[in-house]
Amino acid sequence: MGEIERDFSNKTEDKKTVEIFLKIIGPSPPCRLNVPSSIKVHELRKMIAGNRHMPIENLRLVLRGHVLHDNENGDDVAIQLNNGDSLIVAVKPKPPPKHFRDEFEDDDDDELRFQLPPSTSRWKRKLFYILRDKLKFPDMLLMVIFSITPKIWLIIMTWFILASIARRYEVAPLFLLATGFGLIFYNLGHRKQGELSAYSVFNEDFRELPGTLNADHIDRDIRAGRF
């Protein structure tokens, strides 16, 4: 019986409702609203919008001096309300019609900010919110970080580890030189069967591409009186 009573009391606490005061910015008078004491912000926003016939997408809520956001770091935000709490409600004004805007006016800042694609994994989205909202990383840096594949990040980290080892054994110049040659050979690309290289030294019998201008051609043209 004790366990049953304890479970019942826990459920009762979870479903406990409180009365809060809504202070609406504008001509509307303050009002009261009964809501669950523990509620998610997006649910509270939906309740207020439906009760006061307000556009939910333009609704802004302020509790105890803090603006309430629906989610943080990719997770829904839940708040604990007390009986008698005051909630400031504001409706963000709609932007003017498009034909009234300056034709050279930039788009909204949110649209210009770097955004992750919808298919991004949950852990990567959490990391993105931490870097952008808490550590205040600029959008350009975020674009670089999330545009590089994990394989490239592994190569970069390995390079820094090897660079510190090379510096310890005083062979850093040789390591940098080897890195330079490695980048050159890595970016040479791959030729198809029978395809000629732009550099004759890489071709069989030192064959050149048609139209290549070299010293032999210039000398031949001079001797033939073409210059």
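Below or above, wherever it landed, is the structure these notes cover. (Residues numbered from 1 in each chain as written. Predicted model: local features only at pLDDT ≥ 70, side-chain atom pairs only at ≥ 80, totals over all residues. Heavy atoms only, no water.)

The helix and strand inventory of the protein stands at eight helices and nine strands. Looking at the protein as a whole, 19% of its 227 residues qualify as buried. Excluding contacts between residues fewer than 6 apart, the proportion of contacts in the protein whose partners are at least 24 apart in sequence is 47%. Carbon and sulfur atoms provide 58% of the accessible area of the protein, an area that totals close to 18600 Å². (Helix = DSSP H or I, 4+ residues; strand = E, 2+ residues; numbered from the N terminus. Buried < 20%, exposed > 50% of the residue type's maximum accessible area, 1.4 Å probe, protein only. Contact = heavy atoms within 4.5 Å. Areas by Shrake-Rupley, 256 points an atom, 1.4 Å probe, with all protein chains shown as cover.)

Where empty space is left in the structure can be found by rolling a water-sized probe over the atoms. Computed from the structure, the second largest pocket encloses a volume of approximately 310 Å³. As for the second largest pocket, its lining consists of Ile152, Ile155, Ile156, Thr158, Trp159, Thr179, Gly182, Leu183 and Tyr186. Contributions of two or more residues to the lining of the second largest pocket are made by helix H6 (150-168) and helix H7 (172-186). Here the residues of the lining of the second largest pocket are counted per class, giving six nonpolar, three polar and no charged. (1 Å grid on protein atoms, 1.4 Å probe; cavity = no way out; pocket = protein on both sides within 12 Å on 5 of 7 lines; lining within 4 Å. Points joined across faces, edges and corners; volume = space filled by probe spheres on them. Nonpolar A, V, L, I, M, F, W, Y, C, P; charged D, E, K, R; others polar.)

Here a ring pair, both rings aromatic, is described through the centre-centre distance and the interplanar angle of the planes. Summed over the entire model, instances satisfying the criterion amount to four aromatic pairs. Judged by centre distance (5.2 Å) and plane angle (90°), the ring pair of Trp159 and Phe160 falls under edge-to-face. Measuring from ring centre to ring centre gives 5.5 Å for Trp159 and Phe175, while their planes differ by 40°; the resulting arrangement is tilted. Placement of Trp159 in helix H6 and of Phe175 in helix H7 is noted, with a sequence separation of 16 residues between them. Among the aromatic residues, those joined into a ring-pair cluster are Phe128, Tyr129 and Phe146. (Phe/Tyr/Trp six-rings, centres within 6.5 Å; stacked < 30°, edge-to-face > 60°.)

Spatially, five strands are ordered E2-E1-E9-E4-E5 in an open sheet, and the strand pairing comes out mixed. With partners counted over all chains shown, the strands left at the sheet margins are strand E2 (31-36) and strand E5 (66-67), one partner each. With six bridges connecting them, strand E1 (residues 17-24) and E2 associate as antiparallel partners. Within the sheet, the bridge partner assigned to Val18 lies in E2 and is Val35. (Pairing = 2+ DSSP bridges.)

Here Leu141 shows up in helix H5 (residues 139-147). Residue Leu141 is classed as partly exposed on the basis of its relative accessible area of 38%. In sequence terms Leu141 and Leu131 are ten residues apart; their C-alpha atoms lie 9.9 Å from each other.

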